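# Descriptive analysis of the structure
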There are 2 protein chains.
Amino acid sequence: MPSTLSQYLSQRQRLVNEALNRYLPKGSAYPPSIHRAVRYSVMSSGKRIRPILALAACEAVGGDPRQALAAACAIEMIHTYSLIHDDLPSLDDDDYRRGRPSCHKRFGEALAVLAGDALLTRSFEVLAQANGHSAAVHLTVIREIAAAAGTNGMIGGQVVDIEPVRGRQTAQRLRYINTHKTGALIAVSVKTGALLGGAAASQYRRLSRFGERIGLVFQIVDDVLDGDGVARLLGVERAGAQAQQLTQQAVLELAPLGVRAERLRQLASLIATRTA
Amino acid sequence: MPSTLSQYLSQRQRLVNEALNRYLPKGSAYPPSIHRAVRYSVMSSGKRIRPILALAACEAVGGDPRQALAAACAIEMIHTYSLIHDDLPSLDDDDYRRGRPSCHKRFGEALAVLAGDALLTRSFEVLAQANGHSAAVHLTVIREIAAAAGTNGMIGGQVVDIEPVRGRQTAQRLRYINTHKTGALIAVSVKTGALLGGAAASQYRRLSRFGERIGLVFQIVDDVLDGDGVARLLGVERAGAQAQQLTQQAVLELAPLGVRAERLRQLASLIATRTA
């Protein structure tokens, strides 16, 4: 653990950004408009939490983080596609994203729809590239990621989130949104890193539970920061206590992994205490 | 060859429709709105040309068509997602599709965006399900299909098609649209069937060329029927002659496959002479 957490994060962001740059067609490739829109959205100032979690989970089971780099980038592509589509006027209608005009504000709605489609498609192409793992592991990773991104995961959460609420927000509905809309992709980032790092079955189960819990924490903290969702339902204090409890439970799962899981512990704590 | 072509097509459509029904979550699954929107668009009166081509290509190399059924359904899901997104107001703005209100007219724009996303995601989940093939073959199929559906394939064609044309339609631009927007997914349907049927390398190369040519034919016939694109540029007569020539070249590729490729020959001729 030679560097501080902030040095570690910068180094990992650089690693992920360089890899994303390699995995995406050049902005000059034909037809250039779509590649410019894709790159505008991906190569922004994102924190790269999901890919960094995947790399740290890979390390936590003794793998070389480069084994998980392609899949980590694919997950970031899926995250970015979901932001582009969520920002569309017919969904959340957000004009800004990460401090810049959102994709459709900059390139128009048609190209924003297609840029999201392009990223989702490209993510699976990258996931299917052989890179030293057994093909069977690749297929497992693809199935897990597709399930987490689909109607039983991220898309399902988004659907429930945009549905008009009849009557009061129920805790059950909010929990569905939190576990699915954001939690599923965070959780599968950890699982993916574990699978590609060669996790034993028991390590995989522990890291899966770790991922599910910090996925929930991530969304609860989002809600607290926005004064929304769980925070509105439970109040900021109880929501904060819930996030803290989940983080402790998550970190307990890492105990048998020892010092190799130290970065994952730090990331869990970072997710629980972030302020933006 | 016990049945007429029309009996064969009905039987294959039924096979594909039953499988699609199995591969898609029930309309009652939570959250129901997205599954209803997905099923509304997929379970329509589509001709299922792409999946039927995949099954026929599988048979043409001596495979059992059921070996290609999951992948054939995945390709139909990708085709359907592309129709849902192309119909959106910001793209082609089509109110009707296959004689019914388009997905966004029936379910609203937000659900239509998400239904397209859901189908694209689900297609890769289905493709990654092990079903008797080697994992390596699955990965090759996923890479081929993702490439054909992405910015160097279908999405690329769609991007160029919606770009404002400066000056005259050039033959080069139209050829790009035709080979990419529709041609790429038709071509990869044939390739997928061949791969999953266990094609030898030389068979695969021949079927790839067959698929590329009939993909082009498909789009030229579309243009002739719509009085659009190539038909407007070359005139209906020259466009028709080009389609006929490409069909002949395509069918010649099938010669070494003998009688097992008879259905593919019939499908090529059907694509070249269809009137709707």
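Residues numbered from 1 in each chain as written. Chains lettered and ligands numbered in written order. Predicted model: local features only at pLDDT ≥ 70, side-chain atom pairs only at ≥ 80, totals over all residues. Heavy atoms only, no water.

This brings us to the relation of the copies chain A and chain B. With an RMSD of 0.0 Å, chain A superimposes on chain B once it is rotated by 180° and translated 0.0 Å along the axis. Here the two chains are linked by the operation of a two-fold rotation axis. In terms of C-alpha distance to the rotation axis, chain A has Ala-135 of chain A as its closest residue, with the C-alpha 2.6 Å off the axis. Take the interface residues of chain A: 100% of them recur as interface residues in chain B, which is what a same-surface contact looks like. (Least-squares fit on C-alpha atoms with pLDDT ≥ 70 in both. Contact = heavy atoms within 4.5 Å.)

Further remarks concern the nonpolar core. Counting residues in hydrophobic clusters, the biggest one holds 114 residues, and the most contacted among them are Ile-34 of chain A together with Ile-34 of chain B. Other than its neighbours up to four places away in sequence, Ile-34 of chain A contacts Leu-111, Leu-114, Ala-115 and Ala-118 of chain A together with Thr-151, Ile-155 and Val-159 of chain B. (Core = buried A, V, L, I, M, F, W, Y, C linked by side-chain atoms within 4.5 Å. Buried < 20%, exposed > 50% of the residue type's maximum accessible area, 1.4 Å probe, protein only.)

What follows covers the packing of aromatic side chains. Summed over all chains, the structure comprises five aromatic pairs over all chains. Ring geometry for Tyr-176 of chain A versus Tyr-30 of chain B: centroids 4.8 Å apart, planes at 85°, classification edge-to-face. With Tyr-176 of chain A in helix α9 (residues 171-196) and Tyr-30 of chain B in the loop between α1 (5-23) and α2 (32-42), the pair connects residues from two separate chains. Ring plane angle 75° and centroid distance 5.2 Å describe the contact between Tyr-40 of chain B and Phe-107 of chain B, whose orientation is recorded as edge-to-face. A residue pair is termed long-range when its members are at least 10 positions apart, and Tyr-40 of chain B in helix α2 and Phe-107 of chain B in helix α5 (residues 103-107) qualify at 67 residues. Positioned over the ring face of Phe-218 of chain A is Arg-274 of chain A, at 3.9 Å from the centre of the ring. (Phe/Tyr/Trp six-rings, centres within 6.5 Å; stacked < 30°, edge-to-face > 60°. Helix = DSSP H or I, 4+ residues; strand = E, 2+ residues; numbered from the N terminus. Lys NZ or Arg CZ within 6 Å of the ring centre and 35° of its normal.)

Attention now goes to the pattern of salt bridges. All names here are of chain A. This structure, assessed with the given rule, holds 28 salt bridges over all chains. Notably, a salt bridge pairs Glu-125 with Arg-122, separated by 3.1 Å at the nearest N-O pair. Of the two residues, Glu-125 and Arg-122 are both situated in helix α6 (residues 109-127); the distance of three residues between them amounts to about one turn of the helix. Arg-122 matches Glu-125 in its accessibility class, with the two residues each being buried. (Salt bridge = Lys/Arg side-chain N within 4 Å of Asp/Glu carboxyl O.)

Quick look at helix α3 (residues 49-60) of chain B now. Residue and element names in this part refer to chain B. Here α3 contains twelve residues, and its C-alpha end-to-end distance of 16 Å stays within 8% of the 16 Å for a straight helix at 1.5 Å per residue. In terms of burial, α3 is largely enclosed, as eleven of its twelve residues are buried. Ile-49, Arg-50, Pro-51, Ile-52, Leu-53, Ala-54, Leu-55, Ala-56, Ala-57, Cys-58 and Ala-60 are the residues of α3 that are buried. On its buried face, α3 sits against α1, α4 (69-86), α9 (171-196), α10 (201-226) and α13 (262-273). (Expected span 1.5 Å × (residues − 1).)

A separate point is the interface of chain A and chain B. In this complex, chain A contributes 44 residues to the contact, which on the side of chain B involves 44 residues. At the boundary of chain A and chain B, one finds zero salt bridges. The tally of links between chain A and chain B comes to eight residue pairs in polar contact (both at pLDDT 80 or more). Sorting the residues of the side of chain A that touches chain B by element identifies α2 (32-42), α4 (69-86), α6, α7 (135-149) and α8 (154-162) of chain A as the ones contributing at least two each. Ranked by the residues each element gives to the side of chain A that touches chain B, the list is headed by α6 of chain A, at eleven residues. Split by residue class, the side of chain A that touches chain B holds 28 nonpolar, eleven polar and five charged. (Polar contact = N/O pair within 3.5 Å; in protein donor to acceptor, adjacent residues only side chain to side chain. Nonpolar A, V, L, I, M, F, W, Y, C, P; charged D, E, K, R; others polar.)

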